[in-house]
Amino acid sequence: RRNLLGGAAAATAFSVVPRHVLGGAGNTAPSEKVNVAIIGTGGQGIVNMKQLFNEPDARVTALCDINEQSDYSMFYYGGTAGLKPALGLVTKQYGRPCPTYRDYNEMFRSEDIDAVLVATPDHSHAMVVLDAIAKGKHVYCEKPLCRTAYETRVVTEAARKAGVATQLGNFGHSSEDIRLACEWIWDGAIG
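Heads up: these notes are all about the structure in this document. Keep in mind it's a predicted model, so treat the numbers as computed, not measured. (Residues numbered from 1 in each chain as written. Predicted model: local features only at pLDDT ≥ 70, side-chain atom pairs only at ≥ 80, totals over all residues. Heavy atoms only, no water.)

Digging into the packing of aromatic side chains
At step 1: Here the structure, examined in full by the defined rule, presents three aromatic pairs.
At step 2: Centroid distance Tyr104 to Phe108: 5.6 Å. Interplanar angle 70°. Geometry classified as edge-to-face. Judged on exposure class, the residue Tyr104 and its partner Phe108 are both buried. (Phe/Tyr/Trp six-rings, centres within 6.5 Å; stacked < 30°, edge-to-face > 60°. Buried < 20%, exposed > 50% of the residue type's maximum accessible area, 1.4 Å probe, protein only.)

Rendered as structure tokens:
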């Protein structure tokens, strides 16, 4: 009985330890991180994934693409992209691979996904985003979100009803130089 009570007391003490202790000094505990799946590991998907590696509250937990590997050296992405190169980057970042999929519907069966980053070809954005929202996943989607105003309205209403966070990536207009130019205009410094 003493062993049982001692073990129970130790387990209880462990469960009330603050999360910063389990995550280490200055680190986020694994249970507090947003688990992100990448759908589309081409050039922009790889670029976005590398940026996620810099976010202490995010962790890439799944990859999905039908393309194994492509040479993107002639584009600004540089190097190769696709499922294999993305998996190599995840393995290097976290010290272990994550699951990979060719079908995002199969990937959505995983309980280890809180949000998705969609960087598929433009014409499929709306459908992938709608499927993610239907599964209760938060979404970051590369531009353009949709092909038509109708698709945009459908996606907007679906996100509103599901109560999930959604964001459209418009990288070129979210940098400091764009914000500075807007401030100059607003302040009347330039016309």
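Further notes follow.
A look at the state of the cysteines
At step 1: Tallied over the entire structure, the rule returns zero disulfides.
At step 2: Counting only cysteine sulfurs, Cys141 is the nearest neighbor of Cys146, a cysteine outside any disulfide, at a range of 7.5 Å.
At step 3: Since its relative accessible area comes to 11%, Cys146 is described here as buried. (Disulfide = S-S within 2.5 Å.)

Focus: the environment of Gln44
At step 1: Looking at the secondary structure, you find Gln44 in helix H3 (residues 43-52).
At step 2: Residues Gln44 and Val118, 74 residues apart in the sequence, show an inter-C-alpha distance of 9.6 Å.
At step 3: Excluding residues that lie within four positions of it along the chain, Gln44 makes contacts with Tyr76, Tyr77, Ala119 and Glu142. (Helix = DSSP H or I, 4+ residues; strand = E, 2+ residues; numbered from the N terminus. Contact = heavy atoms within 4.5 Å.)

Observations concerning the packing of H3 against helix H4 (residues 83-94)
At step 1: Interhelical geometry of H3 versus H4 gives an angle of 5° and a closest axis separation of 11 Å. Taken together, the axes of H3 and H4 lie roughly parallel to each other. Listed contacts from H4 to Ile46, Met49 and Lys50 of H3 are Pro85, Ala86, Leu89 and Val90.
At step 2: In the contact of H3 with H4, the residues fall into six nonpolar, no polar and one charged. (Axes fitted to C-alpha atoms, helices over the stretch in contact; angles between N-to-C directions. Parallel < 35°, antiparallel > 145°, perpendicular 65-115°, else oblique. Nonpolar A, V, L, I, M, F, W, Y, C, P; charged D, E, K, R; others polar.)

Some words on the nonpolar core
At step 1: Ranked by internal contacts, the top residues of the largest apolar core, which has 23 residues, are Ile39, Met107, Val116, Val129 and Val139.
At step 2: Of all the secondary-structure elements, those providing two or more residues to this core are strand S1 (34-39), strand S2 (58-64), helix H5 (104-107), strand S6 (115-118), helix H6 (125-134), strand S7 (138-142) and helix H7 (149-162).
At step 3: Here this core takes five residues from H6, the largest share from any one element.
At step 4: Leave out the neighbours within four places in its chain, and Val129 touches Val118, Val139, Cys141, Leu145 and Val155. (Core = buried A, V, L, I, M, F, W, Y, C linked by side-chain atoms within 4.5 Å.)

As for H3
At step 1: Of all the ten residues making up H3, seven are buried; the element is thus mostly covered by neighbouring parts of the structure.
At step 2: Within H3, burial applies to Gly43, Gln44, Gly45, Ile46, Asn48, Met49 and Leu52.
At step 3: As for H3, its buried residues are in contact with S1, S2, strand S4 (80-81), H4, S6 and S7.

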